[in-house]
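As a plain string of letters, each chain reads:
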Amino acid sequence: MRPMTRGEAAVRASGRTAIEAIGLGRRHRRRWVLRDCTFRLPAGRICALVGPSGAGKSTLLSLAAGLTRPTEGSIRVRGEAPATAQARPVVAHLAQDKPLYRRLTVAETLELGRALNPGRWNGRYAERLVDDGEIPLGARVATLSGGQRTRLALALAFAKRPELLLLDEPLADLGPLVRHRIAALLLAEAAEHGTTVVLSSDLLAELDGVCDYLLVLRDGRVRLAGEVDDVIGAHALVMGRHRGPGLPPEVAAHPVVEAQLSGPRFTALVRRDGRVAAGPWETAEPSLEELLLGYLRAPGAPELIAPSAEPVSAPPRRRPGHNPGIPGMPRNGPPRPAWLPGGRESPPRGTERTRHDHHSGKGAAA
Ligand SMILES: Nc1ncnc2c1ncn2[C@@H]1O[C@H](COP(=O)(O)OP(=O)(O)OP(=O)(O)O)[C@@H](O)[C@H]1O
């Protein structure tokens, strides 16, 4: 884990919320693209927004930027509706197609950035970023390479000095060296100003060491949300030999996110429900990439919303059995108050099947 600067620590300690979504849904024509998304992103984090193609990542970023409206539910940015005069100046959104005026020169583009962001614009910073990429100020945007255009678009977004930076696949068309450089810039920016960054990306290996918060979408729903360290610590990667037809019962006793059996060997990503018992297998902490790949390959994996990702302005909607292993969270979710009809004896519909599938180690196997 990288060390925190004082500015970053102060933003985190403030307990502020950067984004809060409650029952958020967005429909395009008849199809729900996002549905029932409830989460909180605490301020000062660099959050990886991950999910398969079509999961709804760009849609979520557009909603947070106020470019689209929810069909149902709500999303708030720093406690405000995204399109309000209070929220707009402090949010920067870089869309996937990096919209820029092709006929303007680089210098004219930066000048436009200054004119559109009075009082917040850091021109020297933007020019340094452009200069660092050896982009001539007199060049027309149309003549720039894809990577140079990305760098210019990032310079516009950064120079606005936003409190919340929404980046839709910013690294996709950059070479490995530039990706590294841009990731370092993101870290420096967040460290210096406590900026909250949401970064959608398919480059899972590149997120390790850059992001400290995680939001995983699948089929328009939130599957995982929380601090990277907490979420990783709640899982184990178990590799070894199996004797019977499936996973060893000691391993399958934990909720199985994904299991692969190959001859006598198995690999399983499990959500730790206590210690994994010893046996002819090795147990290790998964890397961020291994964890994300496991969830992306397992459509049936149950959701895991860490306590820090629970909205503060709405009661949590946890279901029993969905949150083992996250610190600060009772293993099977909070006890259902006795005064609620049904109580513990009647788990919500569908819960039993999910628990059975995952304990059997079959449901989520690839
Ligand atoms: N304006 C629109 N009209 C109709 N369907 C849309 C619209 N915008 C998005 N969609 C659909 O919504 C779904 C989610 O799209 P979105 O771009 O949010 O996904 P994504 O996770 O960002 O995907 P990718 O990683 O491929 O960019 C897709 O099936 C897409 O076709």
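Look up a bit, the structure's there.
About the thresholds
Residues numbered from 1 in each chain as written. Predicted model: local features only at pLDDT ≥ 70, side-chain atom pairs only at ≥ 80, totals over all residues. Heavy atoms only, no water. Helix = DSSP H or I, 4+ residues; strand = E, 2+ residues; numbered from the N terminus. Expected span 1.5 Å × (residues − 1). Buried < 20%, exposed > 50% of the residue type's maximum accessible area, 1.4 Å probe, protein only. Contact = heavy atoms within 4.5 Å. Near = heavy atom within 4 Å. Polar contact = N/O pair within 3.5 Å; in protein donor to acceptor, adjacent residues only side chain to side chain. Areas by Shrake-Rupley, 256 points an atom, 1.4 Å probe, with all protein chains shown as cover. Nonpolar A, V, L, I, M, F, W, Y, C, P; charged D, E, K, R; others polar. 1 Å grid on protein atoms, 1.4 Å probe; cavity = no way out; pocket = protein on both sides within 12 Å on 5 of 7 lines; lining within 4 Å. Points joined across faces, edges and corners; volume = space filled by probe spheres on them. Pairing = 2+ DSSP bridges. Axes fitted to C-alpha atoms, helices over the stretch in contact; angles between N-to-C directions.

S.K.: I would appreciate a short explanation of helix α5 (residues 146-159) in the present structure.
M.R.: Two residues of an α-helix separated by three or four positions point the same way, owing to the 3.6 residues in each turn. An ideal rise of 1.5 Å per residue puts 20 Å on 14 residues; α5 measures up with 20 Å between its terminal C-alpha atoms. Among all positions in α5, only Thr150, Arg151, Leu152, Ala153, Leu154, Ala155, Ala157, Phe158 and Ala159 are buried. Lining the buried residues of α5 we find β5 (91-94), α3 (106-116), α4 (123-132), β6 (164-168) and α6 (176-193). Two residues or fewer after α5 comes Arg161, characterised by a positive phi angle close to 50°.

S.K.: What exactly am I supposed to notice about the site of the ligand here?
M.R.: Close to the ligand lie 13 residues, the nearest being Ser53, Gly54, Lys57, Ser58 and Thr59. In this structure, Gly56 approaches the ligand through a main-chain N or O atom, which is 3.0 Å from an oxygen atom. Burial of the ligand by the protein chains amounts to 64% of its free accessible area of 640 Å². At the level of elements, β2 (31-42) and α2 (57-65) are the ones that each hand at least two residues to the shell around the ligand. Looking at the shell around the ligand element by element, the count peaks at three residues for α2. For the shell around the ligand, the residue count by class is three nonpolar, seven polar and three charged.

S.K.: Honestly, the layout of surface pockets in this entry has me stumped. Any pointers?
M.R.: Taken as a whole, the largest pocket spans an internal volume of roughly 750 Å³. Taken together, 26 residues form the lining of the largest pocket, with Ala92, His93, Leu116, Asn117 and Lys160 sitting closest to its centre. Secondary-structure elements contributing two or more residues to the lining of the largest pocket are α2, β5, α3 and α5. For the lining of the largest pocket, the class distribution of residues is 19 nonpolar, four polar and three charged.

S.K.: Got a minute to help me understand the sheet that holds strand β13 (residues 281-284) in this structure?
M.R.: Pairing is antiparallel in the open sheet, where four strands are placed in the order β11-β12-β10-β13. Bordering the open sheet on either side are β11 (256-262) and β13, each of which pairs with just one other strand. Pairs of neighbouring strands in the sheet enclose a mean axial angle of 10°, with direction left out of account. Two elements, β11 and strand β12 (residues 265-271), share six bridges in a ladder whose sense is antiparallel. Considered in β12, the bridge of Leu261 is made with Phe266.

S.K.: Help me understand the side chain of Thr109 in this model?
M.R.: Within the fold, Thr109 resides in helix α3. Owing to a relative accessible area of 5%, Thr109 belongs among the buried residues under this scheme. Here Thr109 is in contact with Leu100, Leu104, Val141, Leu152 and Leu156, once residues within four sequence places are set aside.

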